[in-house]
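Summary of the model geometry
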Amino acid sequence: MKDKFTTINSTCVPLPIENVDTDQIIPARFLKATDKEGFGDNLFADWRTNPDFVLNNPTYRGSILVAGKNFGSGSSREHAAWAIVGYGFKVVVSSFFADIFKNNLLNNGSLAVVVSEEFLAELFESINADRQTEVYVDLASQTIINKKTGKSERFPINAYKKHCLLNGLDDIDFLLSNKEKIESFEAAK
């Protein structure tokens, strides 16, 4: 069982780059392990060689990554989601996610929040103006709020994944929590 996800109030790490693929998130040379441990250390490994890269800037901290449009495209490697979660991001905000990547995030306990391009642009503007800008995310109401401007937006999420996140369940935990119903159904056959 994972931690229950209810709300997050955090400063953000901005990554205003479009079309970030999973090989950029976690380069292929780090895919040798089948255990989730240590992947966060290699998040954006090739980009972190640049001292000006945002993850190298100690003034940007928080559990929310605000990313450009089309985040997580490319191969379906789950390791990319492991790296995001392993680094400590509880929420990733973008105007568009690759479907497989979005589901991999949700399966690993991190919330993928899809917002309009206008809301995303405003978030980047707020964070650039004030690195201490906080964003509030409420999963139950499916709402994200830019606390600097007060503007909010509702975001979509699959009902099953929402239930699992709110209750700290992965797919196996969900099945086990319904064991009696499954056994009853099987017995009725």
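Computed from a prediction, not measured in an experiment: that's the story for all the values here.

**Here we look at the pattern of salt bridges**
The full count for this structure, using the stated rule, is 5 salt bridges. We note a salt bridge from Glu122 to Lys151, for which the minimum N-O separation is 3.3 Å. With Glu122 in helix α4 (residues 117-129) and Lys151 in the loop between β6 (143-146) and β7 (152-154), this residue pair connects regions lying 29 residues apart in the sequence. For Glu122, a relative accessible area of 12% corresponds to the buried category. The closest approach of N and O atoms between Lys147 and Glu134, which form a salt bridge, is 3.6 Å. Within this pair, whereas Lys147 is found in the loop between β6 and β7, its partner Glu134 is found in strand β5 (residues 134-138), the two being separated by 13 residues in sequence. According to the relative accessible area criterion, Lys147 is partly exposed, its value standing at 46%. Glu134 sits in the partly exposed class, given a relative accessible area of 31%.

**Considering the packing of helix α2 (residues 79-87) against helix α3 (residues 99-107)**
The N-to-C vectors of α2 and α3 enclose an angle of 45°; their axes lie 9 Å apart at closest approach. By the angle class used here, α2 and α3 are oblique. Considering the relative orientation of α2 and α3, their crossing is right-handed. In this structure, α2 contributes Ala80, Ala81 and Ile84 to the contact, and α3 contributes Phe101, Asn104 and Leu105.

**Considering the sheet that holds strand β2 (residues 64-67)**
The mixed open sheet is built from 7 strands, whose spatial order is β4-β3-β2-β1-β5-β6-β7. Each edge of the open sheet carries a strand with a single partner, namely β4 (111-114) and β7. Along the sheet, successive strands turn relative to each other by an average axial angle of 25°, direction set aside. Here strand β1 (residues 7-15) runs beside β5; their pairing, made up of 5 bridges, is antiparallel. Across the sheet, the residue bridging to Asn9 is Tyr136, located in β5.

**A word on the side chain of Thr11**
Counting through the fold element by element, Thr11 comes out in strand β1. A residue is classified by how much of its surface remains accessible, and Thr11, at 16% relative accessible area, is buried. At a separation of 2.4 Å, a polar atom in the side chain of Thr11 contacts the main-chain carbonyl oxygen of Arg61. The contacts of Thr11, once residues within four sequence positions are left out, are Arg61, Gly62, Ser63, Ile64, Arg131, Gln132, Thr133 and Glu134.

**Let's talk about the packing of aromatic side chains**
The tally for this structure, following the rule as stated, stands at 7 aromatic pairs. Pairing Phe44 with Trp47 gives two aromatic rings, centres 5.3 Å apart and planes at 10°, and the pair type is stacked. A residue is classified by how much of its surface remains accessible, and Trp47, at 22% relative accessible area, is partly exposed. Taken together, the aromatic side chains of Phe44, Trp47 and Phe53 make up a single cluster linked through ring pairs.

What counts, and at which threshold
- Residues numbered from 1 in each chain as written.
- Predicted model: local features only at pLDDT ≥ 70, side-chain atom pairs only at ≥ 80, totals over all residues.
- Heavy atoms only, no water.
- Salt bridge = Lys/Arg side-chain N within 4 Å of Asp/Glu carboxyl O.
- Helix = DSSP H or I, 4+ residues; strand = E, 2+ residues; numbered from the N terminus.
- Buried < 20%, exposed > 50% of the residue type's maximum accessible area, 1.4 Å probe, protein only.
- Axes fitted to C-alpha atoms, helices over the stretch in contact; angles between N-to-C directions.
- Parallel < 35°, antiparallel > 145°, perpendicular 65-115°, else oblique.
- Left-handed = near helix turned anticlockwise from the far one by under 90°.
- Contact = heavy atoms within 4.5 Å.
- Pairing = 2+ DSSP bridges.
- Polar contact = N/O pair within 3.5 Å; in protein donor to acceptor, adjacent residues only side chain to side chain.
- Phe/Tyr/Trp six-rings, centres within 6.5 Å; stacked < 30°, edge-to-face > 60°.

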